[in-house]
Amino acid sequence: MNWVNFREIRTRIPIERVLTEYYKLDNLKVSGTVATGPCPVHGGNNPRGFHVDLEKNLWHCFTGCKRGGNQLDLVAAKDNVPIRDAALRLQRFFLGDDDGAPAATSPEFPPPTRRDPPAAAATASTDNAPKKKEKVNPPLDLMLQLLPDHPHILEDRKLSQATAEHFGVGYCARGILAGCIGFPVHNEDGQLVAYAGRRLKFSDAEDLGKYRFPKGFHKDRVLYNLHRALPESSDALVLVEGFFSVLKLHEAGIKNVAAVMGSDLSDHQALLAARAASVVVLFDGDEAGRHGADVAVQKLAPLVPVRAVKLANGWEPEDCSPEMLHWLLHGVQEFELTTVSLEAARAAHPTAGA
Ligand SMILES: [Zn+2]
């Protein structure tokens, strides 16, 4: 039997080299640590269908085959061979030795920048169905009782009870989110994966942060409300920072809106957002929001048409009237909004707006 070390192959052969040297692909667009292109596994032609995280050595197809995984999964899927054969192919091609000892370390192969947990490699076997890695943000099988008619929602936030009910949002009287407004959070497939809580007690919010997320929940892997927003994707996807902005925009008739749950768009969230036809970044008008919007635009620009709307100092999307929001989101190119008076904005940007 041929000697094969899955882990060594995965740490020594970056996925980028598998794509460019083993498969000789030249139609991938690389930006930072992300590459995109048509899916080579099912042979698609959507230039944004196939996404690769070059740092984590992970790929995913968002269009035809919807498959994904690491380097070995890629070769197994594309060449239609078991994982072990995929490993042998890469070992032979890159390390030039498949009959015994590991090949000598060569300066050609930089040391791995990040050690993956060995789970997938260690459990991979000769059969066709390698065990799945533990799922990030697995679906929840519990439901919290939340009260949608709480004064914080109806009076402080000036949202309707119907909106709160539509999003399943409400006050939580008991349990881990007691005293918070709870938000059910779903993944892009619409599965409930967490409840986030907005702390209402001023001192708690000051000391512990405004929002609480469950332990072990990876908020960088989810965009809040994306599963409802994407079907509306003939329009641009509007990215906001917070939960309440999603509800407010929804009430203003802007349904294709999702929240980053903070001002730092992660690489994974950028990949998720890039499934829309185009993206508008509408973050808060403060220092964190402005910086976050710049970073988000940098991450999204290679993936999807994107523009940013910057609000005046101290303003949040929730402060804008429905008319203002529509005006901002339709047809306005990137600019610095220095006033949220619609008349003044129109005067300053006479060619903008619909
Ligand atoms: Zn595919």
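Residues numbered from 1 in each chain as written. Predicted model: local features only at pLDDT ≥ 70, side-chain atom pairs only at ≥ 80, totals over all residues.

Caption draft 1: Here's a closer look at the overall build of the protein chain. Along its length, the protein chain carries 14 helices and 14 strands. Relative to its 354 residues, the protein chain shows a buried fraction of 38%. If you take every contact in the protein chain between residues at least 6 apart in sequence, the share linking residues at least 24 apart comes to 53%. (Helix = DSSP H or I, 4+ residues; strand = E, 2+ residues; numbered from the N terminus. Buried ≥ 20, exposed ≤ 12 C-beta atoms within 10 Å, placed from the backbone. Contact = placed C-beta atoms within 7 Å.)

Caption draft 2: Looking closely at unusual backbone geometry. Of note in the backbone geometry, asparagine 137 takes a positive phi value of approximately 50° without being a glycine. Here asparagine 137 is to be found in the loop between helix H5 (119–123) and helix H6 (151–156). Positive phi, normally seen in glycine, also occurs at lysine 158, with a value near 55°. For lysine 158, the position within the fold is in the loop between H6 and helix H7 (161–167).

Caption draft 3: Fine view of helix H2 (residues 15–22). Restricting attention to buried positions, one finds in H2 the residues Ile15, Val18 and Leu19. Seen end-on, H2 carries its buried residues on one side only, within an arc spanning 95°. In this structure, the buried residues of H2 make contact with strand S3 (50–53), strand S4 (58–61), helix H3 (71–79) and helix H4 (83–95). Directly after H2, the chain includes lysine 24, whose backbone phi takes a positive value near 55°. (Arc of directions from axis to C-beta.)

Caption draft 4: Geometry of the environment of aspartate 73. Tracing the sequence through the fold places aspartate 73 in helix H3. By C-beta crowding, aspartate 73 is classed as buried, having 21 other C-beta atoms within 10 Å. When the C-alpha positions of aspartate 73 and alanine 87 are compared, they lie 9.2 Å apart, and in sequence the two are 14 residues distant.

Caption draft 5: Structural view of H3. Most of H3 sits out of view: 7 of its 9 residues are buried. Within H3, the full set of buried residues consists of Gln71, Leu72, Asp73, Leu74, Val75, Ala76 and Ala77. Buried residues along H3 sit in contact with helix H1 (6–12), H2, S4, strand S5 (68–69) and H4.

Caption draft 6: Geometry of the pairing of strand S7 (residues 180–186). Across the 7 residues that make up S7, a large majority, 6, are buried. In this structure, strand S6 (residues 170–172) lies alongside S7, joined through 3 bridges in antiparallel fashion. For glycine 170, the partnering residue across the bridge sits in S7 and is glycine 182. Linking two consecutive strands that pair antiparallel, namely S7 and strand S8 (residues 192–199), is a turn of 5 residues; a positive phi of about 85° is found at glycine 190 within it. (Pairing = 2+ DSSP bridges.)

Caption draft 7: Region of interest: the environment of phenylalanine 50. Relative to the assigned elements, phenylalanine 50 resides in strand S3. Sequence separation between phenylalanine 50 and glycine 37 is 13 residues, and the spatial gap between their C-alpha atoms is 5.3 Å. Setting aside its immediate chain neighbours within four residues, phenylalanine 50 contacts Thr36, Gly37, Pro38, Cys39, Pro40, Trp59 and Cys61.

Caption draft 8: Broad picture of the packing of H3 against H4. Contact pair H3 / H4: the axes reach a minimum separation of 8 Å and the direction vectors enclose 105°. Looking at the two axes, H3 sits roughly perpendicular to H4. Across the interface between the two elements, Gln71, Leu72, Val75, Ala76 and Asp79 of H3 pack against Ile83, Ala86, Ala87, Arg89 and Leu90 of H4. Class assignment for the residues of the contact of H3 with H4 results in 7 nonpolar, 1 polar and 2 charged. (Axes fitted to C-alpha atoms, helices over the stretch in contact; angles between N-to-C directions. Parallel < 35°, antiparallel > 145°, perpendicular 65-115°, else oblique. Nonpolar A, V, L, I, M, F, W, Y, C, P; charged D, E, K, R; others polar.)

Caption draft 9: Highlighting the sheet that holds S7. Strand order in the open sheet formed by 4 strands is S6-S7-S8-S9, and the pairing between neighbours is antiparallel. Single-partner strands in this sheet number two, and they are S6 and strand S9 (211–212). Pairing analysis gives 7 bridges linking S7 to S8, with the strands arranged antiparallel. For glycine 182, the partnering residue across the bridge sits in S8 and is glycine 197.

Caption draft 10: Region of interest: the sheet that holds strand S2 (residues 34–37). The strand order S1-S2-S3-S4-S5 describes an open sheet built from 5 strands, whose pairing is antiparallel. Either end of the sheet is taken by a strand with one partner, and the two such strands are strand S1 (29–31) and S5. Across 4 bridges, the pairing between S3 and S4 is antiparallel. Opposite phenylalanine 50, over in S4, you have cysteine 61 as the bridge partner.

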